[in-house]
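# What the coordinates show
Here is what each chain is made of, one letter per residue.
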Amino acid sequence: MEKGTLVEIQVQGDRRLAVIDRPEGKKNFVAIDAEGRTHTIHPRQVSYLLQSEHFKPSDITSFLDAVQPYLDPSSLEVAWEFLVEDASSATPETLAELLFSESSAHACYAAHCLLSEDKVFFKRKGDRYEPRSASQVADIRHQLAAEELRKQQWQSFLDSLSTALEGKPVQWGEGDHHYLDALERFAVQGDDAPGQSAAQEVLLALGRPTTSQSAFHLLVDLRIWDAHENLFLKQRQIPIRFPEKVLEMAQSLIDNSPPDCDVNRLDLTHLKVCTIDDESTLEIDDGLSIEFLENGQRRVWIHIADPTRWVQPGDALDLDARRRASTVYLPTGMIPMFPPALATGPMSLTQGRICCALSFGVVLDDEGRIDTYSIHPSLIRPTYRLTYEDVDEILELGISAEPELEALAELAVRRNKWRQQQGAISIHMPESSIKVSDDEIIISVLDSSKSRELVAEMMILAGEVAGHYGS
């Protein structure tokens, strides 16, 4: 390389133009850049050189200005379309001729810049550049588009984070949930969480410690969790929210009742039906009746709410309920198996409304054993919604207007005595109700009472009837 040769060199990973000034030892050269700084370089550090002209360091800036108009990356696609058909490779010089119809130093260096910065159309092989195949170009474009989308989503997420941390309402986008879910998993599972790197990326961007506790505090600050979030629910993967399609289906069923698959339901709407629950209960799922027969016998009816009226096997409601398996009752409230609007509405035995049920009709003998029974899909109209305290008061006062409750209580006592004679074991332990309200824990001991024993005996009776039927 002679004095005055313009070269492109790599300095700490950056490309820079410099002019060769003199040799340095046996293998190295001294080059001077546009700012007058000297660089001792080995030929391996030279990524491009122009030997045809003699330059001075002061010429570099004007040379780069003259190169600038040629730097149109879109022109590479035109060259690629010409070369890919013949699988012809190119050099910066041949590409300059193809693109610009000239081989001046400016055009050749511009072609070199385009080729060396290109990640889509050409790949370097020695001193030449080979066009990639059409399928390779399509794959790379797809990857670049995906990466660009990821960058846009990341920036959008950071903007939403900033807004939420300022206490302003945020409508989280679809792409945001990737990071929010990662934060939740990291807060719950710590270092065992899959994809924890995404959560740590968020924490790093906010200048917060990359720990699971930090992820927890961030979710609280974002008002996605509260300060007393129950992590045991998260660890056991109990879903708290319902998918949108499940909520939409539930609302559709409420607005437009589907046909009843059980067309031969037994009409029991003439019976007086009482439901007995705690005052806070929202899902009323059982009720009791008694029918006085002509032969002096009494038939007990235990009515169980029939959700199958609203659920078809394999539909969205059914699949989501299978995943949940049960309503979960916690001191802070319940997590229902079905959407609340459906579970506390049509699926519940609501006072004064005709409801679908599965009804167990049972006649007991004088000792309390089952004499006859039948099970029916039914229609009932709950008459009263009573609390345990209401029933205890009615039984204690002996109100004559409610002989059904008195008869049910007497049959419950008879059933209990018969079960004890059969060897049933009763374990009497204090039962408690634990509630959390406004961050206050309220613990109440539930004393045994006639009303609770009445309901318990009727539920055990229904269980025994179901067992006989199944057998």
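Above this text is the structure in question.
Described in the following lines is the structure provided in the data block. No experiment lies behind these values; they were computed from the predicted model shown.

### Here's the deal with the packing of aromatic side chains
Applying the stated rule across the entire model yields 10 aromatic pairs. Both rings, one in Phe 157 and one in Trp 172, keep their centres 6.1 Å apart while their planes meet at 45°; by these two values the pair is tilted. Taken as a pair, Phe 157 in helix 5 (residues 134-165) and Trp 172 in the loop between helix 5 and helix 6 (176-189) lie far apart in primary sequence, 15 residues in all. The class for Phe 157 is buried, based on a relative accessible area of 0%. Sitting over the ring of Trp 310, Arg 309 keeps its end group 4.6 Å from the ring centre. The ring of Phe 242 has Arg 324 lying over it, and the distance from NZ or CZ to the ring centre is 3.8 Å.

### Details of the side chain of Glu 402
The topology assignment puts Glu 402 in the loop between helix 13 (388-397) and helix 14 (403-421). For Glu 402, the side chain forms a polar contact with the side chain of Tyr 384, separated by 3.1 Å. Leaving out residues up to four positions away in the same chain, Glu 402 has contacts with Lys 272, Tyr 384 and Ile 394.

### A word on the pattern of salt bridges
Enumeration according to the criterion identifies 33 salt bridges in this entry. Here Lys 3 ties to Asp 21 by a salt bridge, and the two come within 2.8 Å at their closest N and O atoms. Of this pair, Lys 3 sits in the segment before strand 1 (6-11) while Asp 21 sits in strand 2 (residues 14-24), and the two are 18 residues apart along the sequence. Take Lys 3: its relative accessible area is 56%, and that puts it in the exposed class. Residues participating in the shared-partner salt-bridge network are Asp 260, Asp 262, Arg 265, Asp 306 and Arg 309.

### What about the sheet that holds strand 2?
In space, the 5 strands of this open sheet follow the order 4-3-2-1-5, with antiparallel pairing throughout. Two strands bound the open sheet, and with one partner strand each, they are strand 4 (38-41) and strand 5 (46-50). The mean angle between the axes of side-by-side strands here comes to 40°, regardless of whether they run parallel or antiparallel. Summarising the sheet, strand 3 (residues 28-33) and strand 4 pair through 4 bridges and their orientation is antiparallel.

### Quick word on a negative patch on the surface
Residues Glu 279, Glu 389, Asp 390, Glu 393 and Glu 396 make up a contiguous surface patch of negative charge. With respect to the helices, strands and loops of the structure, Glu 279 is situated in the loop between strand 9 (273-277) and strand 10 (286-292). For Glu 279, a relative accessible area of 70% puts it in the exposed group.

Quick notes on the rules
- Residues numbered from 1 in each chain as written.
- Predicted model: local features only at pLDDT ≥ 70, side-chain atom pairs only at ≥ 80, totals over all residues.
- Heavy atoms only, no water.
- Phe/Tyr/Trp six-rings, centres within 6.5 Å; stacked < 30°, edge-to-face > 60°.
- Helix = DSSP H or I, 4+ residues; strand = E, 2+ residues; numbered from the N terminus.
- Buried < 20%, exposed > 50% of the residue type's maximum accessible area, 1.4 Å probe, protein only.
- Lys NZ or Arg CZ within 6 Å of the ring centre and 35° of its normal.
- Polar contact = N/O pair within 3.5 Å; in protein donor to acceptor, adjacent residues only side chain to side chain.
- Contact = heavy atoms within 4.5 Å.
- Salt bridge = Lys/Arg side-chain N within 4 Å of Asp/Glu carboxyl O.
- Pairing = 2+ DSSP bridges.
- Axes fitted to C-alpha atoms, helices over the stretch in contact; angles between N-to-C directions.
- Patch = residues over 30% accessible without salt bridge, like charges linked within 9 Å, V, L, I, M, F, W, Y side chains within 5 Å.
- Areas by Shrake-Rupley, 256 points an atom, 1.4 Å probe, with all protein chains shown as cover.
- Lys, Arg positive; Asp, Glu negative; His and termini not counted.
- Charge placed at Lys NZ, Arg CZ, Asp CG, Glu CD.

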